[in-house]
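Chain by chain, the residues:
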Amino acid sequence: VALKCGGLLLLCESNGAVPGEPVKKDENSRRGNWGNQIEFVLTSVGYAVGLGNVWRFPYLCYRNGGGAFMLPYFIMLVFCGIPLFFLELSFGQFASLGCLGVWRISPMFKGVGYGMMVVSTYIGIYYNVVICIAFYYFFMSMTNLLPWTYCNNPWNTPDCSGVVGQDGTLNTSLANTTSLVTEVVNRTKRTSPSEEYWKYYVLNISDDIGNFGEVHLPILGCLAISWVVVFLCLFRGVKSSGKVVYFTATFPYVVLTILFIRGITLDGAINGIKYYLTPQWEKVLDAKVWGDAASQIFYSLGCAWGGLITMASYNKFHNNCFRDSIIISITNCATSVYAGFVIFSILGFMAHHLNVPVSEVADHGPGLAFVAYPEALTLLPISPLWSLLFFFMLILLGLGTQFCLLETLVTAIVDEIGTDWIIRHKTIITLSVAIVGFLLGIPLTTRLFLLDFAGHRKYFKDVEMMLGFPPPLFFKICWRFISPTIIAFILVFTVIQYKPITYNDYIYPGWSLAIGFAMALSSVICIPIYAIYKVVRSPGATFRERLKNACRADPNWGPALKEHRTGRYAAMTSEDAVEDCPLKEREELKEELKEEQKERKDDISLTIQGSNGSTTTHNNPNPSA
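Residues numbered from 1 in each chain as written. Predicted model: local features only at pLDDT ≥ 70, side-chain atom pairs only at ≥ 80, totals over all residues. Heavy atoms only, no water.

Engineer: How should the overall build of the chain be read in this particular structure?
Structural biologist: Of the regular secondary structure elements, the chain holds 26 helices and six strands. Taking all 625 residues of the chain together, 48% fall into the buried category. With the model as given, the accessible surface of the chain reaches about 30000 Å², and the carbon-plus-sulfur share is 64%. (Helix = DSSP H or I, 4+ residues; strand = E, 2+ residues; numbered from the N terminus. Buried < 20%, exposed > 50% of the residue type's maximum accessible area, 1.4 Å probe, protein only. Areas by Shrake-Rupley, 256 points an atom, 1.4 Å probe, with all protein chains shown as cover.)

Next comes the structure, spelled out in structure tokens:
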């Protein structure tokens, strides 16, 4: 609005923008978009790059042939990881909907979306417990002496034998010779102070899975801190989390680089890196190696959890998600390789001082993050500093993934209800999900630690309409043939390789295994249950008609904004498209069509006021002009 005030012409913008500067607006004003594309890329990198890159990949690499493991790993990345990543990003971006709403493309398969929500719920609850333990170790590192350095604590057992002696020097009974070490280990079944700190103080693991024990209050407090941090970073959805990821997604690389530089300057670091990378080419012929490579790629990228669809749904419609999928996937895998250098340089240093093979100090999973690596840090000068850096890195890596897991659930709920009220009060939904997640995570702070263990041608046209170019032929082949085959291989491989779960010498009872199987199947079972429900509720005189209607795309499927509904989606408002709809929806759609046609006529009719007061009406061939 131009106002003449005191002889000056002022331009007043209703949104408070500086005059003369372009005003940044969300393309989808009702749902919102990322502030810019960097925020989306960083968030997706933070989601994909998580704790598994640090504690699982390095272990899998040296266990499965060292450098030789890189061959199947990168083959699986090219033929499975990147195609699936691109598929999910394009799926969410095209419809601007989360993991439930996108199944308007074929409503019978909405159970897949519910399965994604179940998976994200389980992982979100467990993941934040791991983050809270990293918080706990971070706080415990704020001391002159790390509490897992020596064996003179109330929780230690007679079998405890530390790497560092009470006088601060290396324990000679463990470091003189390999034979001495072997003798000590065989005689006493040596356990390290860090292992006993982890098992008997932090977790305080009970002697039976049926014995929950009391809540560990310090861990409970850290769990509350974890959920508060996650909520504060997500209370405005992608508008707030998109700003936080500038730090949470980038600073872990700073810490990794600091630890890498420190690690490679230590004695024995080269031996650790050699052990990590030395190729054992004969293992490439082992099917288990290929199974591990496929599993690591699949789970590391976070495919089929709903997070990728959710994050991409806040992109602008014409964003180049093909480019993004390649950048994010390669960044994720490169981080895994880089983290391996960091981890094994330190473990090589520890093996050098203990005079034992690297394999005897290497571990995986929580054992690497909370036992082996912390023990190695006690050997370094100013060990609390390195411990603070390491656990701060773990916290940031975990938070990057946790943001997306929580946003997946919140977005699915908001999109499914879809009212103006719930969109305006999305913060309340975020808070509610966070509170429920905290309450469900409380049992994991006890002594129990159980959870450780469409038509393709049409969619190709949709991607072309969105990006301006069709998916490359390679991705079409992967989507239709190669990637499904690899996923089926992972499933069969997992079943064949299954072994009963154990924890050290403890064998889990049958009822606990039954609970585990039920949790594993609870996400998959959503698919057939909802499919049956949808077929039964669909109109049709025969089963075939019901099945056809259940698979038919919802009339609202397609780009969220009208200006993007071109091509076959523009025809969705025609009477031909209305006749294809189920009977009970046909009359409603016809009424909507009449209203739209009336609005179009009003837009097309352009009345021009002449200088003589007469009016002339022209038909404008371009309604948007």
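Engineer: Quick question: what am I supposed to make of the state of the cysteines here?
Structural biologist: Put plainly, two cysteines are in a disulfide when a covalent bond ties their sulfur atoms together. Under the criterion given, the structure shown has one disulfide. Two residues, Cys151 and Cys160, share a disulfide whose sulfurs are 1.9 Å apart. Here the disulfide of Cys151 and Cys160 is left-handed, its torsion about the S-S bond being about -65°. According to the relative accessible area criterion, Cys151 is partly exposed, its value standing at 22%. For Cys160, a relative accessible area of 12% puts it in the buried group. Cysteine Cys222 shares no disulfide, and the gap to the nearest cysteine sulfur, in Cys132, comes to 6.0 Å. (Disulfide = S-S within 2.5 Å.)

Engineer: Before we go on, may I ask you to explain helix H9 (residues 217-234) in this structure?
Structural biologist: One full turn of an α-helix is made of 3.6 residues, so residues set three or four places apart face in the same direction. Taking 1.5 Å per residue as the helical rise, H9 with its 18 residues ought to reach 26 Å, and the 26 Å between its terminal C-alpha atoms agrees with that figure. Within H9, the full set of buried residues consists of Ile219, Cys222, Leu223, Ser226, Trp227, Val230, Phe231, Cys233 and Leu234. In this fold, the buried residues of H9 make contact with helix H5 (110-140), helix H8 (193-202), helix H10 (238-248), helix H17 (383-417) and helix H19 (426-441). (Expected span 1.5 Å × (residues − 1). Contact = heavy atoms within 4.5 Å.)

Engineer: What's the story with helix H12 (residues 269-277) in this structure? I'm lost.
Structural biologist: Listing the buried residues of H12 in full gives Ala269, Gly272, Ile273 and Tyr276. One face of H12 carries all of its buried residues, which in axial projection span an arc of 95°. As for H12, its buried residues are in contact with helix H3 (57-63), helix H4 (70-95), helix H11 (251-264) and helix H15 (321-354). (Arc of directions from axis to C-beta.)

Engineer: Help me out: how do you make sense of the UniProt feature "binding site: Na(+) 1" (unreviewed entry) in the chain in this one?
Structural biologist: As annotated in UniProt, the feature "binding site: Na(+) 1" (unreviewed entry) corresponds to Gly46, Ala48, Asn53, Ser300, Asn332 and Leu397 in the numbering used here. For the annotated residues, spread through 352 residues, the largest C-alpha to C-alpha distance comes to 12.4 Å, consistent with a single compact locus. With respect to the helices, strands and loops of the structure, Gly46 is situated in helix H1 (residues 37-48). The class of Gly46 is buried, set by a relative accessible area of 10%. Once you skip the residues sitting within four places of it in the chain, Gly46 turns out to touch Ala249, Leu397, Gly400 and Thr401. Structurally, Ala48 can be placed in helix H1. The class for Ala48 is buried, based on a relative accessible area of 3%. Leave out the neighbours within four places in its chain, and Ala48 touches Asn53, Ser300, Leu301 and Asn332. (UniProt positions renumbered as here; feature names shortened; annotations may be inferred.)

Engineer: What am I meant to see in the environment of Ile219 here?
Structural biologist: Along the chain, Ile219 turns up in helix H9. Put simply, Ile219 and Leu203 are 16 residues apart on the chain and 8.8 Å apart in space, counted from C-alpha to C-alpha. Apart from the residues lying within four places of it in its own chain, the contact partners of Ile219 are Cys132, Tyr136, Val202 and Thr445.

Engineer: I would appreciate a short explanation of the packing of H4 against helix H20 (residues 456-467) in the present structure.
Structural biologist: Axes are the key here: two packed helices are described by the angle between their axes and the distance separating the axes. With their axes 11 Å apart at the nearest point, H4 and H20 run at an angle of 70° to one another. Taken together, the axes of H4 and H20 are roughly perpendicular relative to one another. Between H4 and H20, the contacting residues are Phe86, Leu87, Ser90, Phe91, Gln93 and Phe94 on the first element and Tyr459, Asp462, Val463, Met465, Met466 and Leu467 on the second. Here the contact of H4 with H20 is built from residues that sort into nine nonpolar, two polar and one charged. (Axes fitted to C-alpha atoms, helices over the stretch in contact; angles between N-to-C directions. Parallel < 35°, antiparallel > 145°, perpendicular 65-115°, else oblique. Nonpolar A, V, L, I, M, F, W, Y, C, P; charged D, E, K, R; others polar.)

Engineer: I would appreciate a short explanation of the environment of Gly52 in the present structure.
Structural biologist: Along the polypeptide, Gly52 turns up in helix H2 (residues 51-55). Through-space distance from the C-alpha of Gly52 to that of Gln296 is 8.5 Å; in sequence the pair is 244 residues apart. Not counting residues up to four positions away in its chain, the partners in contact with Gly52 are Phe57 and Gln296.

Engineer: When you look at unusual backbone geometry in this model, what are you seeing that I'm missing?
Structural biologist: Phi is mostly negative for residues that are not glycine, and the peptide bonds are mostly trans. Phi angles above zero are rare outside glycine, and Ser96 is one such case at about 55°. Its identity is not glycine, yet Asn355 carries a phi of approximately 60°, on the positive side. Position of Asn355 among the secondary structure elements: in the loop between H15 and helix H16 (366-377).

Engineer: What should I look at first to understand a nonpolar patch on the surface in this one?
Structural biologist: Judged by side-chain polarity, Val78, Phe79 and Phe474 come together as a nonpolar surface patch covering roughly 210 Å² of accessible area. Within the secondary structure layout, Phe474 lies in helix H21 (residues 473-496). For Phe474, a relative accessible area of 31% corresponds to the partly exposed category. (Patch = residues over 30% accessible without salt bridge, like charges linked within 9 Å, V, L, I, M, F, W, Y side chains within 5 Å. Salt bridge = Lys/Arg side-chain N within 4 Å of Asp/Glu carboxyl O.)

Engineer: Is there a simple way to think about the packing of aromatic side chains in this case?
Structural biologist: Two aromatic rings are characterised by how far apart their centres lie and by the angle between their planes. Scanning the model with the defined rule gives 50 aromatic pairs in all. Positioned above the aromatic ring of Tyr314 is the side chain of Arg31, whose terminal nitrogen or guanidinium carbon lies 4.3 Å from the ring centre. (Phe/Tyr/Trp six-rings, centres within 6.5 Å; stacked < 30°, edge-to-face > 60°. Lys NZ or Arg CZ within 6 Å of the ring centre and 35° of its normal.)

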